Amino acid sequence: MSSKRYLFTSESVTEGHPDKVCDQISDAILDEFLTKDNKSRVAAETSATTGMVLVAGEITSSCYVDIPHVVRTTIENIGYTGKSSGGFDSHTCAVLTSIDEQSSDISGGVNKAFETRDNNADTATAETNDIGAGDQGIMFGFACNETPELMPLPISLAHKLAYRLAQVRKQGIVDYLRPDGKSQVTVEYENDKPVRIDTVVISTQHDEKINGISDNTKIQEIIKNDIIKHVISYVFENESLKPDSSTKYLINPSGRFVIGGPQGDAGLTGRKIIVDTYGGYSRHGGGAFSGKDPTKVDRSAAYAARYVAKNIVAAGLADKCEIELAYAIGVAQPVSIFVETFGTGKISDDEIMNLIEKNFDLRPISIINKFDLRNLPAKNGGKFYQRLAAYGHLGRTDFDVPWEHLDKVDTLKEQASRLMANV
């Protein structure tokens with residue numbers, strides 16, 4: 001039988017990419033509100049362009065947050081200030097806000113779930129009971145055994161390259177870089193297993209002159225050599241699958257990248273949902289994460305679906321696992337749960353479904369409490385969701401993320417072994 005070979009590509013972006021700037025601003029606002037009032041309802045959308053940031057949305061909270069200050073601090077920490085501002089400076093950009101309260105039609109369904117709703121209930125105490133999903137929609141979670149963190153290899157590598165690109169800039173290792181950048185990795189697969197690195201693409205914003213050199217051909221040669229040495233070689237040094245003599249490197253393939261960030265391209269919250277998740281390797285329900293408090297199942301249920309899928313793969317029940325969850329606004333229980341193991345399951349998908357229903361409570365309030373989603377910003381110095389807003393919400397190993405925990409593995413193994421013993 002002939003082997004099946006194909007190429008698969010995923011991309012990532014740095015924290016200075018205009019869309020990621022907006023994601024981080026939205027999540028920095030969320031962090032600030034939840035730190036001061038963990039019951040805050042937040043839906044913060046950000047857009048950015050040359051010299052301007054607009055924050056709009058719906059926020060209901062008992063506390064005050066200086067949103068312009070949060071915006072400017074976030075932009076400054078990314079690196080858009082002074083010499084590296086590239087026409088978009090944290091100190092001089094305009095910050096506009098247009099914030100309303102959450103709709104009472106929505107909050108009524110969220111405060112108390114449809115299944116247990118009592119029209120005479122006191123809404124002030126309703127959240128001690130079950131809460132309803134903050135919106136309808138579908139969410140996907142995925143895991144596979146291609147990497148130690150159980151993520152697809154292409155997106156794992158793309159994130160590492162993007163993170164390293166920001167790291168060498170901030171540490172001054174490559175001091176002519178500016179904040180905007182992208183990475184992309186193409187992996188060759190044989191019989192659904194990664195076998196080689198086909199192409200690595202890095203596009204990075206840079207100063208107009210490097211070491212006094214203004215000739216663009218010479219500048220791009222300097223950038224290529226430095227990126228291969230300090231970014232690509234560094235990342236692949238500890239990877240089991242490394243580039244070979246046929247691997248293609250495309251560094252700044254446009255030939256020049258001086259104008260970048262919100263000056264070069266308008267940014268918007270939620271426009272990098274594939275970067276945030278599995279790099280296109282798994283399906284996506286379409287909902288963004290950033291700027292949304294945990295009652296929004298776009299965020300919390302996507303984290304829960306990843307948690308379920310990861311524990312199933314880590315327990316050895318499948319090499320790949322994708323979970324779909326669907327919710328109706330104001331209703332606590334998912335309206336459907338779907339499992340797909342792509343023919344890699346050691347037990348049937350129906351049996352895995354039964355294990356999920358037995359071991360995982362996927363109501364919004366249970367997800368919130370399980371992962372302590374409302375208190376994570378306060379427990380992490382006021383910054384948690386903002387850290388997730390760049391380099392992926394899933395598969396993170398650089399700090400403690402509760403939906404990456406493998407605390408269900410032993411239980412799943414034990415229950416699955418009993419099922420297999422009865423076959």
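That block above? That's the structure.
Note that the structure is predicted; figures quoted are calculated from it, not measured. (Residues numbered from 1 in each chain as written. Predicted model: local features only at pLDDT ≥ 70, side-chain atom pairs only at ≥ 80, totals over all residues. Heavy atoms only, no water.)

1. A look at the overall build of the chain
Within the chain, the regular secondary structure consists of 13 helices and 11 strands. The globule rule puts the C-alpha radius of gyration for 423 residues at 22 Å, and the 23 Å found for the chain is close to it. With respect to the three principal axes, the spread of C-alpha positions in the chain is 70 × 65 × 30 Å. Taking all 423 residues of the chain together, the buried fraction comes to 55%. By sequence separation, contacts in the chain at least 24 residues apart represent 73% of the contacts at least 6 residues apart. Summed over its atoms, the accessible surface of the chain is roughly 17700 Å², and 48% of this surface lies on carbon and sulfur atoms. Counting 46 positive and 58 negative side-chain charges, the chain places the centres of these two groups 4 Å from one another. (Helix = DSSP H or I, 4+ residues; strand = E, 2+ residues; numbered from the N terminus. Rg over C-alpha atoms; globule rule 2.2 N^0.38 Å. Buried < 20%, exposed > 50% of the residue type's maximum accessible area, 1.4 Å probe, protein only. Contact = heavy atoms within 4.5 Å. Areas by Shrake-Rupley, 256 points an atom, 1.4 Å probe, with all protein chains shown as cover. Lys, Arg positive; Asp, Glu negative; His and termini not counted. Charge placed at Lys NZ, Arg CZ, Asp CG, Glu CD.)

2. Quick word on the sheet that holds strand β10 (residues 320-327)
Adjacent strands of a sheet form backbone hydrogen bonds with each other and so pair up, either parallel or antiparallel. Taken in spatial order, the three strands line up as β5-β10-β11 in an open sheet, and their pairing is antiparallel. What marks the edges here is a single partner per strand, and that holds for β5 (137-144) and β11 (336-340). Averaged over all neighbouring strand pairs, the angle between strand axes comes to 15°, with direction disregarded. Where helix α8 (residues 297-314) meets the sheet, its contacts fall on β5 and β10, and the angle it forms with β5 comes to roughly 30°. On top of the sheet, helix α9 (residues 349-359) reaches β10 and β11; it is set at about 135° to β11, its chief contact. (Pairing = 2+ DSSP bridges. Axes fitted to C-alpha atoms, helices over the stretch in contact; angles between N-to-C directions.)

3. Digging into the packing of helix α1 (residues 18-36) against helix α2 (residues 67-78)
It is at 9 Å that the axes of α1 and α2 come closest, and there the two elements cross at 130°. What the angle tells us is that α1 and α2 run oblique. Considering how the two elements wind past one another, α1 and α2 form a crossing that is right-handed. Counting all contacts with α1, which are made through Val 21, Gln 24, Ile 25, Ala 28, Ile 29, Glu 32 and Phe 33, the residues of α2 involved are Ile 67, Val 70, Val 71, Thr 74, Ile 75 and Ile 78. Grouping the constituent residues of the contact of α1 with α2 by class yields 10 nonpolar, two polar and one charged. (Parallel < 35°, antiparallel > 145°, perpendicular 65-115°, else oblique. Left-handed = near helix turned anticlockwise from the far one by under 90°. Nonpolar A, V, L, I, M, F, W, Y, C, P; charged D, E, K, R; others polar.)

4. Observations concerning the packing of aromatic side chains
Aromatic rings considered in pairs are described by the distance between their centres and by the relative angle of their planes. For the structure on display, the rule yields 16 aromatic pairs. Measuring from centroid to centroid gives 5.6 Å for Tyr 307 and Phe 360, while their planes differ by 85°, and the two rings are edge-to-face. With Tyr 307 in helix α8 and Phe 360 in the loop between α9 and α10 (364-371), the pair connects residues that are 53 residues apart, well separated along the chain. By the burial criterion, Tyr 307 is buried, and Phe 360 matches it. Taken together, Phe 289, Tyr 303, Tyr 307, Phe 360, Phe 371, Phe 384, Tyr 385, Phe 399 and Trp 403 form an aromatic cluster joined through their ring pairs. The positively charged end of Arg 164 is found above the aromatic ring belonging to Tyr 234, 3.5 Å away from the centroid. Across the ring face of Phe 399, the terminal group of Arg 387 is positioned such that the distance to the ring centre comes to 4.0 Å. (Phe/Tyr/Trp six-rings, centres within 6.5 Å; stacked < 30°, edge-to-face > 60°. Lys NZ or Arg CZ within 6 Å of the ring centre and 35° of its normal.)

5. A look at the pattern of salt bridges
Counting across every chain of the model gives 27 salt bridges. The partner of Asp 361 in a salt bridge is Arg 363, and the shortest N-O contact between them spans 2.8 Å. With a closest N to O distance of 2.7 Å, Asp 407 and Lys 370 form a salt bridge. Of this pair, Asp 407 sits in the loop between α12 (385-388) and α13 (409-421) while Lys 370 sits in helix α10, and the two are 37 residues apart along the sequence. A network of salt bridges, in which partner residues are shared, links Arg 5, Glu 188, Glu 190, Arg 196, Asp 198, Asp 244 and Lys 248. (Salt bridge = Lys/Arg side-chain N within 4 Å of Asp/Glu carboxyl O.)

6. Focus on the side chain of Ser 300
Checked against the element boundaries, Ser 300 lands in helix α8. Given a relative accessible area of 0%, Ser 300 falls into the buried group. Within the structure, the side chain of Ser 300 is placed 2.9 Å from the backbone oxygen of Pro 294, a separation counted as a polar contact. Apart from residues lying up to four places away in sequence, Ser 300 is in contact with Pro 294, Ile 367 and Leu 373. (Polar contact = N/O pair within 3.5 Å; in protein donor to acceptor, adjacent residues only side chain to side chain.)

7. A few points about α9
The periodicity of an α-helix, 3.6 residues per turn, causes residues three or four positions apart to be oriented the same way. Among all positions in α9, only Ile 352, Met 353, Leu 355, Ile 356 and Asn 359 are buried. Down the axis of α9, the sector holding all buried residues measures 160°, keeping them to one side. For α9, the exposed residues lying more than 90 degrees away from the buried face are Asp 350, Glu 357 and Lys 358. On its buried face, α9 sits against α8, β10, β11 and α13. (Arc of directions from axis to C-beta.)

8. Remarks on the sheet that holds strand β9 (residues 267-268)
Spatially, four strands are ordered β4-β3-β2-β9 in an open sheet, and the strand pairing comes out mixed. Both outer strands of the open sheet, β4 (94-100) and β9, are each paired with one neighbouring strand and no more. Most of the contacts of α1 go to strand β2 (residues 41-49), to which it runs at about 150°, and overall it touches β2, β3 (52-60) and β9.

9. A short note on the nonpolar core
Ranked by size, the top nonpolar core spans 102 residues in total, and within it Ile 323 and Trp 403 carry the most contacts. If near-sequence neighbours (up to four positions away) are discounted, Ile 323 is found in contact with Met 139, Phe 140, Gly 141, Ala 305, Val 308, Ala 309, Ile 312, Ile 337, Phe 338, Val 339 and Ile 356. (Core = buried A, V, L, I, M, F, W, Y, C linked by side-chain atoms within 4.5 Å.)

10. Focus: the packing of α8 against α13
Following both chains from N to C, one finds α8 and α13 inclined at 60°, their axes separated by 9 Å at the closest point. Here α8 lies oblique to α13, going by the angle between them. The element α8 and its partner α13 pack so that their crossing is right-handed. Here α8 contributes Asn 311, Ile 312 and Ala 314 to the contact with α13, which in turn contributes Val 409, Leu 412 and Lys 413. Partitioning the contact of α8 with α13 into residue classes produces four nonpolar, one polar and one charged.

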